[in-house]
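# Descriptive analysis of the structure
Spelled out, the chains give:
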Amino acid sequence: MNASARPESRTSNARGLRLWVPRLMLTAAAVHMMVGVIASYAYWSGIVSDGLWNTVRNDNYTRMMALWFMISGVAFFGLGLLSRRVVIAVGAMPVETGWILLALGIPVAVLEPVSGGWSLIAIGVLAVVASRRDSGMTDFDRSGGRRAGGTLAPGAAPLNTAPSE
């Protein structure tokens, strides 16, 4: 089979974008957690030196902020991993990823304009664009040439589901 008949070559722009959105999400999440550790180092030192158990109480807003900053970074990282897994397994970016990022990023950017909310918006827009491009693909393209029963159609190249990284 020639390269032009492969589903990957017909959707090269969407394929590239759908692969980069999860990478951008994972990178932004890692940066978010590094900033959290660096900016809240004094608070985390106190939490650890106090023995961890019950050291973040409702009356200590700085420690609560440090905790929730890190938890949101972990959640963002998880969303990136799940999106990456969906792209690998299905071959398409889920549109929900973009809408979740926009729903998180817009209020953050409005309430705190000098923040990472703008990166959530940018990645969210890219995710929506990638999913819109993916929606133009047929189920045949997305499945790598597999029929409804899971068998490979004649002349179709199998879909590579291995991670691209």
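Residues numbered from 1 in each chain as written. Predicted model: local features only at pLDDT ≥ 70, side-chain atom pairs only at ≥ 80, totals over all residues. Heavy atoms only, no water.

### What about the packing of aromatic side chains?
We count it as follows: Pairing of aromatic side chains requires ring centres within 6.5 Å, counting the rings of Phe and Tyr and the six-membered ring of Trp. Pairs whose planes differ by under 30 degrees are stacked, by over 60 edge-to-face, and all others tilted. As a reminder, the over-ring test applies to NZ of lysine and CZ of arginine, requiring each to be within 6 Å of the ring centre and within 35 degrees of the ring normal.
Evaluation of the coordinates by the stated rule reveals 0 aromatic pairs. Taking the ring centre of Trp-20 as reference, the NZ or CZ of Arg-23 above it sits at 4.7 Å.

### Looking at the confidence of the model for the chain
Under the convention used in this document: Known as pLDDT, the predictor's per-residue confidence is scaled from 0 to 100. Here a strand is any run of E in DSSP of at least two residues, a helix any run of H or I of at least four, and the numbering for each starts at the N terminus. Residue contacts are counted whenever heavy atoms from the two residues lie within 4.5 Å of one another.
With 73% of its residues at a pLDDT of 70 or more, the chain has an overall mean of 79. Per-residue pLDDT, averaged within each element of the chain, yields its smallest value for helix α1 (residues 7-10) (42) and its largest for helix α5 (residues 95-111) (95). Below a pLDDT of 50 lies the segment residues 1-14, which in the model reaches 19 contacts outside its immediate sequence neighbourhood of four places, other chains included.

### A look at the nonpolar core
In plain terms, the rule: As used here, the term nonpolar core means buried Ala, Val, Leu, Ile, Met, Phe, Trp, Tyr and Cys residues forming a set that is joined through side-chain atoms within 4.5 Å. Only protein chains enter the accessibility calculation, which uses a 1.4 Å probe; a residue whose area is less than 20% of its type maximum is buried, one above 50% is exposed, and one in between is partly exposed.
Core analysis: the largest hydrophobic core is formed by 14 residues, its most contacted members being Val-21, Met-25, Phe-76, Met-93, Leu-101 and Ile-123. Where this core is concerned, the elements lending two or more residues are α2 (12-39), α4 (61-90) and α6 (117-135). Of all the elements, α2 adds the most residues to this core, at 5 residues. Excluding its chain neighbours within four sequence positions, the residues that come into contact with Ile-123 are Val-21, Leu-24, Met-25, Ala-28, Phe-76 and Leu-101.

### Observations regarding the packing of helix α3 (residues 41-49) against α4
Quick reminder of the rule: Between the N-to-C directions of two axes lies an angle of 0 to 180 degrees, each axis being a line fitted to C-alpha atoms and, for a helix, fitted only over the stretch in contact. Here the angle decides the label: under 35 degrees means roughly parallel, over 145 means roughly antiparallel, 65 to 115 means roughly perpendicular, and every other value means oblique. Ten residue types, Ala, Val, Leu, Ile, Met, Phe, Trp, Tyr, Cys and Pro, are classed as nonpolar, four, Asp, Glu, Lys and Arg, as charged, and the remainder, Gly among them, as polar.
At a minimum axis distance of 9 Å, the contact between α3 and α4 shows a crossing angle of 100°. Considering the angle they form, α3 stands roughly perpendicular to α4. Counting all contacts with α3, which are made through Tyr-43, Trp-44, Gly-46 and Ile-47, the residues of α4 involved are Thr-62, Arg-63, Met-65, Ala-66, Leu-67 and Met-70. In terms of residue class, the contact of α3 with α4 is built from 7 nonpolar, 2 polar and 1 charged.

### What about the pattern of salt bridges?
The test is simple: By salt bridge we mean one thing: a side-chain nitrogen of Lys or Arg within 4 Å of a carboxyl oxygen of Asp or Glu.
Tallying each qualifying case throughout the model produces 1 salt bridge. Between Arg-63 and Asp-50 there is a salt bridge; the shortest N-O distance is 2.8 Å. Taken together, the residues span a long stretch of sequence, with Arg-63 in helix α4 and Asp-50 in the loop between α3 and α4 at a distance of 13 residues. For Arg-63, a relative accessible area of 12% corresponds to the buried category. Since its relative accessible area comes to 47%, Asp-50 is described here as partly exposed.

### A word on the environment of Leu-120
Mapped onto the fold, Leu-120 is located in helix α6. Residue classification places Leu-120 among the buried residues on the basis of a relative accessible area of 13%. Sequence-wise, Leu-120 and Leu-102 are 18 residues apart; in three dimensions their C-alpha atoms are separated by 6.5 Å. Leaving out residues up to four positions away in the same chain, Leu-120 has contacts with Phe-76, Leu-101, Leu-104 and Gly-105.

### Thoughts on the side chain of Thr-97
Stated precisely, the cut-off is as follows: Pairs of N or O atoms are called polar contacts if they sit within 3.5 Å, as long as, within protein, a hydrogen donor faces a hydrogen acceptor (for residues adjacent in sequence, only side-chain-to-side-chain pairs).
One can find Thr-97 in helix α5. Since its relative accessible area comes to 4%, Thr-97 is described here as buried. A polar contact is formed between the side chain of Thr-97 and the side chain of Ser-83, at a distance of 3.0 Å. Beyond its immediate chain neighbours, meaning those up to four positions away, Thr-97 contacts Met-25, Ser-83 and Ala-127.

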